[in-house]
Amino acid sequence: MSAYGTRWKGQWALVTGASSGIGQAIATELAASGVDLVLTARRLERLREFATKLNTKVEIIDADLEYPDAPRRIFDFTEGKGIQPALLVNNAGFGEFGEFRDLNPARQTAMVQVNCAAVVAMTHLYLPGMVERRQGDILIVASTASFQAVPYQITYAATKAFDLIFAEGLAEEVKRFGVRVCALCPGHTQSEFHEVANEPIPKQMTVHTAQYVAQTGLKALAAGKHYVICGVGNRLGMELQRLAPRRVVTAISERLFRPASARP
Ligand SMILES: NC(=O)c1ccc[n+]([C@@H]2O[C@H](COP(=O)([O-])OP(=O)(O)OC[C@H]3O[C@@H](n4cnc5c(N)ncnc54)[C@H](OP(=O)(O)O)[C@@H]3O)[C@@H](O)[C@H]2O)c1
């Protein structure tokens, strides 16, 4: 039996960003536990191909979360099919690496839309039903970037700090209704993320598999944790850095991530 047991077995889960990486790994884990799935992302063909590998009921909807009406479209789709997800996984997201003044401003604001506004909208649509049913779980994929500023990925780290704080606050607010919320905070993870973000992984960093990250998140959510940091090293690093002055932590982060091309 999986580490999160039969918590969602025979029920529906909705996973955003299910065409790749951590979202696919979460969907794979859930399908193996007998959970039916609603999968969403922009790349429809990818979702279709992925669905053929899953031994469970799967519904697919392509949606671009850069558009503010996308969460409502997804919600109407599940309502139309009579699906009330017992689990919502807000996983879709992306980053962009580089000196802020060189980055495309439209892509930076799209990042805020996908990583933050869409998370708020999706959660606001599905939460009332969960509260009414006195049952439901929400996993929000944040990051180790949630815990400090990260120069050269400043918007991304700010969006992930938002995700963590949003999840922690909501978790406390809705626990009396039997609804669980958990922020999953992975460090560097094997996926398409770094390619999309144009971000090299610093050599000394541990890289986890998406499967390990998925299992860690689902296990923590099922255990009622409000957040979880993936891996002992990341956990120690994040918790210990709280003791250091914030400015020192940011300066170390700047040295770690400074691109070779950084202009004087
Ligand atoms: N990989 C890491 O090192 C790492 C570390 C910490 C946190 N995370 C977080 O983990 C989450 C998943 O990322 P990943 O590592 O699995 O990266 P990934 O392999 O690039 O997957 C990202 C997923 O998000 C979807 N997505 C991106 N933009 C979207 C949009 N506008 N509308 C709808 N869906 C969109 C993508 O689907 P389509 O392209 O098909 O739309 C894809 O399924 C993200 O929230 C990321 O911030 C990743």
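Residues numbered from 1 in each chain as written. Predicted model: local features only at pLDDT ≥ 70, side-chain atom pairs only at ≥ 80, totals over all residues. Heavy atoms only, no water.

Considerations on the side chain of Thr123
Right, on to step 1. When you line up the elements, Thr123 lands in helix H4 (residues 105–133).
Right, on to step 2. Not counting residues within four places of it along the chain, the set of residues in contact with Thr123 comprises Leu88, Asn90, Pro128, Ile138, Phe166 and Leu170. (Helix = DSSP H or I, 4+ residues; strand = E, 2+ residues; numbered from the N terminus. Contact = heavy atoms within 4.5 Å.)

Some words on the pairing of strand E3 (residues 58–62)
Right, on to step 1. Both strand E2 (residues 36–41) and E3 contribute to a ladder of five bridges, which runs parallel. Bridge pairing in E3 links Ala41 to Asp62.
Right, on to step 2. Once the chain exits E2 it traverses helix H2 (residues 44–51) before rejoining the sheet at E3, and the crossover so formed is right-handed. (Pairing = 2+ DSSP bridges. Right-handed = clockwise from strand over helix to strand, strands pointing away.)

Digging into the environment of Thr16
Right, on to step 1. Take Thr16: it is sitting in strand E1 (residues 12–16).
Right, on to step 2. Each C-alpha atom, one on Thr16 and one on Val58, is 13 Å from the other, the two residues being 42 residues apart in sequence.
Right, on to step 3. Other than its neighbours up to four places away in sequence, Thr16 contacts Thr40, Leu65, Val89, Asn90, Asn91, Ala92 and Met122.
Right, on to step 4. One polar contact links the side chain of Thr16 to the main-chain amide nitrogen of Asn91, over a distance of 2.8 Å. (Polar contact = N/O pair within 3.5 Å; in protein donor to acceptor, adjacent residues only side chain to side chain.)

Examining the site of the ligand
Right, on to step 1. Within the structure, the ligand sits among 30 residues, and Ser19, Ser20, Arg42, Tyr156 and Ser191 are positioned closest to it.
Right, on to step 2. One of the side-chain nitrogen or oxygen atoms of Ser20 is found 2.5 Å away from an oxygen atom of the ligand.
Right, on to step 3. Arg43 places a side-chain nitrogen or oxygen 2.8 Å from an oxygen atom of the ligand.
Right, on to step 4. Protein chains shield 96% of the accessible area of the ligand, which is 870 Å² for the free molecule.
Right, on to step 5. Mapped onto the shell around the ligand, the elements with two or more residues apiece are helix H1 (21–32), helix H5 (154–174) and helix H6 (193–197). (Near = heavy atom within 4 Å. Areas by Shrake-Rupley, 256 points an atom, 1.4 Å probe, with all protein chains shown as cover.)

Considerations on the packing of helix H3 (residues 70–80) against H4
Right, on to step 1. Taken N-terminus to C-terminus, the directions of H3 and H4 make an angle of 30 degrees; their axes are 9 Å apart at the nearest point. Here H3 lies roughly parallel to H4, going by the angle between them. The two elements H3 and H4 cross, and the hand of that crossing is right-handed. Residues Pro71, Arg72, Ile74, Phe75 and Thr78 of H3 lie in contact with H4, whose contacting residues are Ala118, Ala121, Met122, Leu125 and Tyr126.
Right, on to step 2. Split by residue class, the contact of H3 with H4 holds eight nonpolar, one polar and one charged. (Axes fitted to C-alpha atoms, helices over the stretch in contact; angles between N-to-C directions. Parallel < 35°, antiparallel > 145°, perpendicular 65-115°, else oblique. Left-handed = near helix turned anticlockwise from the far one by under 90°. Nonpolar A, V, L, I, M, F, W, Y, C, P; charged D, E, K, R; others polar.)

Some details on the sheet that holds strand E7 (residues 227–229)
Within a sheet, adjacent strands bond to each other through the backbone by hydrogen bonds, running parallel or antiparallel.
Right, on to step 1. With parallel pairing, the seven strands of this open sheet are ordered in space as E3-E2-E1-E4-E5-E6-E7. In this open sheet, the two strands that pair with only one neighbour each are E3 and E7. Across the sheet, the mean angle separating the axes of adjacent strands is 15 degrees when strand polarity is ignored.
Right, on to step 2. Strands E1, strand E4 (87–90), strand E5 (136–141) and strand E6 (179–185) of the sheet are contacted by H4, whose axis makes an angle of about 170 degrees with E4.
Right, on to step 3. Relative to E6, helix H7 (residues 210–222) is tilted by about 150 degrees, and along the sheet it contacts E4, E5, E6 and E7.

Describing the nonpolar core
Right, on to step 1. Ranked by size, the top nonpolar core spans 50 residues in total, and within it Ile74, Tyr126, Ile138 and Val181 carry the most contacts.
Right, on to step 2. For this core, the elements supplying multiple residues, two or more each, are E1, H3, H4, E5, H5, E6 and H6.
Right, on to step 3. Tallying contributions element by element places H4 first for this core, with 11 residues.
Right, on to step 4. Aside from chain neighbours lying at most four places away, what touches Ile138 is Leu87, Leu88, Asn90, Thr123, Leu127, Met130, Leu170, Arg180, Val181, Cys182 and Leu221.
Right, on to step 5. Val35, Cys182, Leu184 and Ala210 belong to the second largest nonpolar core, which has 34 residues in total. (Core = buried A, V, L, I, M, F, W, Y, C linked by side-chain atoms within 4.5 Å. Buried < 20%, exposed > 50% of the residue type's maximum accessible area, 1.4 Å probe, protein only.)

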